[in-house]
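Residues per chain are reported as follows:
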Amino acid sequence: MLKGSKFDFLVVGSGLYGATFAYKAHQAGKSCLVIDKRPQLGGNVYCSPVSVPSPAGKGECVINVHKYGAHIFHTANKAVWDFVNSLVPFNRYTNCPVANYHGELYNLPFNMNTFYQMWGVRTPEEAQARINEQIGNCKSVIGNREPRNLEEQALLLVGRDIYEKLIKEYTEKQWGRPCTELPAFIIRRLPLRFVFDNNYFNDPYQGIPIGGYNLLIDKLLEGAEVKTNCDFFREYKDSWRDLADTLVYTGQLDEYFDFRLGRLDWRTVSFKTRIEDTPNYQGNAVVNYTSRDVPYTRVIEHKHFEMFGQAVYECPKTVVSEEYSTEFKPGMEPYYPVNDERNNALAEQYREMAMKEENVIFGGRLAEYKYYDMDKVIERALSAYV
C-alpha cells in the first residue's frame, strides 16, 4: 500500500504530539503516515483494557490500565481543554494522591490535612508557625549562601519534618542518587497550601477521557494512515524524503543524530501489574511510598481513574501496578530527562543541530529533551502545524 505513495508528512511516534499534529494536518487536507515502533498506538498514554467478570451475570466490567504509568490530564488552557473535549468527553477525576511513609498516611500536596497528620496542628496559623520555625533552623545552618543541592533547597522551602518523611527518600528512589548530589534547581518550589484541599493540581480543568485515552488517540488519528511495529531507524531513516515532504520526529533527540555528540541521560520506570481479588485495594488511584525500604515509588489502582462511588464495588476485582524508577540503559523506554548541567548543555547542542535539519520538525518530550505535561504537548503540537 505504501509503495509509490507520497505523503505530506511522515510522523514518527503516535503519542500525543504526533497524533495531535496528524489531526491538524488532516483537518487541513494534508496526508500523513504515522508510524510507531510499539505494537499499539498512543505512546505512553496507551491504556490496556482488562475485562473482569461482573457478579450475578451482569456481563463484564472493563478496567483501563495505564500501561506506562498514571496519566492525569490537567490544564489551565481552556482552548486545549475545549479541543480534547471536542473529540471525546472527559470525566471529573481529581488527582488527590496519598503518601505512605512506614504506614503513616499523608495527603498530597502539602496542605492542612498533611500538617495535621504530621504535627497535630489545626489552624493555618499553627501550621505556618511550625514550618517557619523549621525553615529558620535550616537557615541558621546554611547561612546566607545559595543552597548547594536539592536537600538544602528543600529544607529551606518546607523544613526538616516534611523533607525527611515525604521528599528525601522518595526523591532518591526516583533519581537513583542522594539528594545531596542532586542539583538544587530540580526543586524550584514546593507548594504549601494552608487549606484542607487535597486537589493536587491548581489547574481549573482536570479529568480522564471517559473510556480511556485510546479513544482520544483514535480520534486524533482518524484520516491518517498508521503503521505499528515499525522502527523508523530500520525502515525509513535513509529514505523518508522519498516517502514524505516533511518529517515530524518525536523520538529521542540524540538517537536521531546517531548519538554523535554522546548520549543524553534519562530515567526510566518499570511496572509490575497484577489483578487483586478485591473491589477496592487501596481506596485511591495513586499512593506514593516515600520510604526507601519499599522498592517501588508508588502503587496505581487503575479503576479509580474512571470508577467512582458505588461503581467501584460493582466491579469485584481491581488492577494495581507497582512503579519502579531505574537508570536508563539502551533498549529501555526513556521517560524523564535528567536536567543537570551536563545534559542540558548536550541537549542544547543537539537542538542547534536539529534547527539546521531541512523539512524536519522535532516535537515532544523525547525530541526536545524537556519534560512536558500532556496539555503542553498538545499545545505545542497545535502551534507547530501552520
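This text goes with the structure placed above it.
All figures in this text were calculated on a predicted structure; none of them were measured in a lab.

What counts and how
- Residues numbered from 1 in each chain as written.
- Predicted model: local features only at pLDDT ≥ 70, side-chain atom pairs only at ≥ 80, totals over all residues.
- Heavy atoms only, no water.
- Disulfide = S-S within 2.5 Å.
- Helix = DSSP H or I, 4+ residues; strand = E, 2+ residues; numbered from the N terminus.
- Buried < 20%, exposed > 50% of the residue type's maximum accessible area, 1.4 Å probe, protein only.
- Axes fitted to C-alpha atoms, helices over the stretch in contact; angles between N-to-C directions.
- Parallel < 35°, antiparallel > 145°, perpendicular 65-115°, else oblique.
- Contact = heavy atoms within 4.5 Å.
- Nonpolar A, V, L, I, M, F, W, Y, C, P; charged D, E, K, R; others polar.

Draft legend 1. Geometry of the state of the cysteines. For the coordinates displayed, the defined rule picks out one disulfide. With its sulfur 2.1 Å from that of its partner, Cys61 forms a disulfide with Cys315. Given an S-S torsion of about 55°, the disulfide between Cys61 and Cys315 has right-handed geometry. Of this pair, Cys61 sits in strand β4 (residues 60-66) while Cys315 sits in the loop between α10 (311-314) and β14 (318-327), placing them 254 residues apart in sequence. Of the two residues examined, Cys61 and Cys315, each falls in the buried class. Between Cys32, a free cysteine, and Cys230, which holds the nearest cysteine sulfur, the sulfur-to-sulfur gap is 15 Å. We classify Cys32 as buried; its relative accessible area is 4%.

Draft legend 2. Layout of the packing of helix α2 (residues 78-87) against helix α7 (residues 213-220). It is at 9 Å that the axes of α2 and α7 come closest, and there the two elements cross at 90°. Accordingly, the angle class assigned to the pair α2 and α7 is roughly perpendicular. Facing α2, whose interface residues are Phe83, Val84 and Leu87, α7 presents Leu216, Lys219 and Leu220. Grouping the amino acids of the contact of α2 with α7 by side-chain chemistry returns five nonpolar, no polar and one charged.

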